[in-house]
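# Reading the structure
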Amino acid sequence: MLRIGLALGGGGARGAAHFGILKVLEEEGIPIDIIAGTSMGAIVGAMYAQNPDAAAVTERYEKFINSVDYGSLGLQDIAPSVQDSHILQKFARTIAQRIYISSMGSRSGIMKPEFLEKALEELLDRGNIQDTKIPFGAVATDLNSGSTLLMRKGSIRKAVRRSALIPGYLPPEQDGERLITDGAVSEPVPVGSAREMGAEVTIAVSVDPAMVTPIEDPNMINIMMRCDMIRGIYISRIQREMADVCICPDLSGTHWSEFLSSGEFIRMGEEEARKKIPDIRKAMGRKRNWLFRLFSRKNR
């Protein structure tokens, strides 16, 4: 039996595109035997691994997103605003961002970790990661060793939480000698982890922006953030090339914190997935033929 693995990448709010992709794979009868997820990909992947019903998990996610008080999270202080069309508005936002970030002092994260904990209580059922209906692994990073962590045992909420600790926004977690943070630091698109779990055909899903826009205000903070973004994009490209097929909706010009745009991201994921169905079927056929020839030789 050919094992098909889904490698769901990180990307914050843009990761809602994963729901649209799952919907199309279901409709087309593409079986998913293994799921590896990074950050937002871990959240969506865990939801689907527990309950392989794209419509149900999408409804659950949208219900939660619509219930969130975004003003209390401070996301409006870090996300770009399309309404800042006047130069004075842009200037005021830039000053507010600088004051907001500099006021963090020695804190290890801007957002309160309780928000992520509450979100996972709403989105995931209580249980262990090894008990999901579809085999699932959450990817995180150890800041002390620089290694990628593939978590496949223990509390599923704990594993997914650690996978989604966005550096600078949510503080890392200490676990013995390990200091654990977001999986996107080391494996933004977890193709290697899906293969480690036994996937023979790997479908990668990347929701990174295909293009970056010019920096309007090249101050120190914006330059550092842009450099980090570019590094992440290049690492994602390298990891995507390891997959048999990559579904990459063009989400250029969007920010990871735009959770209120989830409906649009879901639609874009669905559209891109439909384009890639022929490629997925070809990859499945090639691998079946290869495995048939391999076993035929062994049985001679």
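In case you missed it, the structure is sitting above this.
Now for a quick tour of the structure.

The helix and strand inventory of the chain stands at nine helices and eight strands. Looking at the chain residue by residue over its 300 residues, the buried ones come to 48%. Counting only contacts in the chain whose residues sit at least 6 apart along the sequence, the fraction spanning at least 24 positions is 77%. When the accessible surface of the chain is summed, it comes to about 15200 Å², and 54% of that surface belongs to carbon and sulfur atoms.

Counting across every chain of the model gives one disulfide. What pairs with Cys 246 in a disulfide is Cys 248, and their sulfur atoms sit 2.5 Å apart. Between Cys 246 and Cys 248, the disulfide has an S-S torsion of 80° and is therefore right-handed. Residue class for Cys 246 comes out buried when judged on its relative accessible area of 16%. Of the residues examined, Cys 248 reaches a relative accessible area of 25% and is grouped as partly exposed.

Before going further, it helps to examine helix 3 (residues 54-67). When the terminal C-alpha atoms of helix 3 are compared, their 20 Å separation across 14 residues agrees well with the 20 Å that a helix rising 1.5 Å per residue should span. For helix 3, the complete set of buried residues consists of Ala 54, Val 57, Thr 58, Tyr 61, Phe 64 and Ile 65. An end-on view of helix 3 places all buried positions within 130° of arc, on one side of the element. Among the exposed residues of helix 3, those oriented more than 90 degrees off its buried face are Ala 55, Glu 59, Lys 63, Asn 66 and Ser 67. If you check the start of helix 3, you find a side-chain oxygen 3.2 Å away from the backbone N of Ala 55, and it comes from Asp 53.

At their nearest, the axes of helix 2 (residues 40-50) and helix 6 (residues 156-163) sit 9 Å apart, and the two run at 155° to each other. As far as their axial angle goes, helix 6 and helix 2 are roughly antiparallel. Judged by residue contacts, Ala 42, Ile 43, Ala 46 and Gln 50 of helix 2 engage Ile 156, Val 160 and Ser 163 from helix 6. Looking at the contact of helix 2 with helix 6 residue by residue, the class counts come to five nonpolar, two polar and no charged.

Parameters at a glance
Residues numbered from 1 in each chain as written. Predicted model: local features only at pLDDT ≥ 70, side-chain atom pairs only at ≥ 80, totals over all residues. Heavy atoms only, no water. Helix = DSSP H or I, 4+ residues; strand = E, 2+ residues; numbered from the N terminus. Buried < 20%, exposed > 50% of the residue type's maximum accessible area, 1.4 Å probe, protein only. Contact = heavy atoms within 4.5 Å. Areas by Shrake-Rupley, 256 points an atom, 1.4 Å probe, with all protein chains shown as cover. Disulfide = S-S within 2.5 Å. Expected span 1.5 Å × (residues − 1). Arc of directions from axis to C-beta. Polar contact = N/O pair within 3.5 Å; in protein donor to acceptor, adjacent residues only side chain to side chain. Axes fitted to C-alpha atoms, helices over the stretch in contact; angles between N-to-C directions. Parallel < 35°, antiparallel > 145°, perpendicular 65-115°, else oblique. Nonpolar A, V, L, I, M, F, W, Y, C, P; charged D, E, K, R; others polar.

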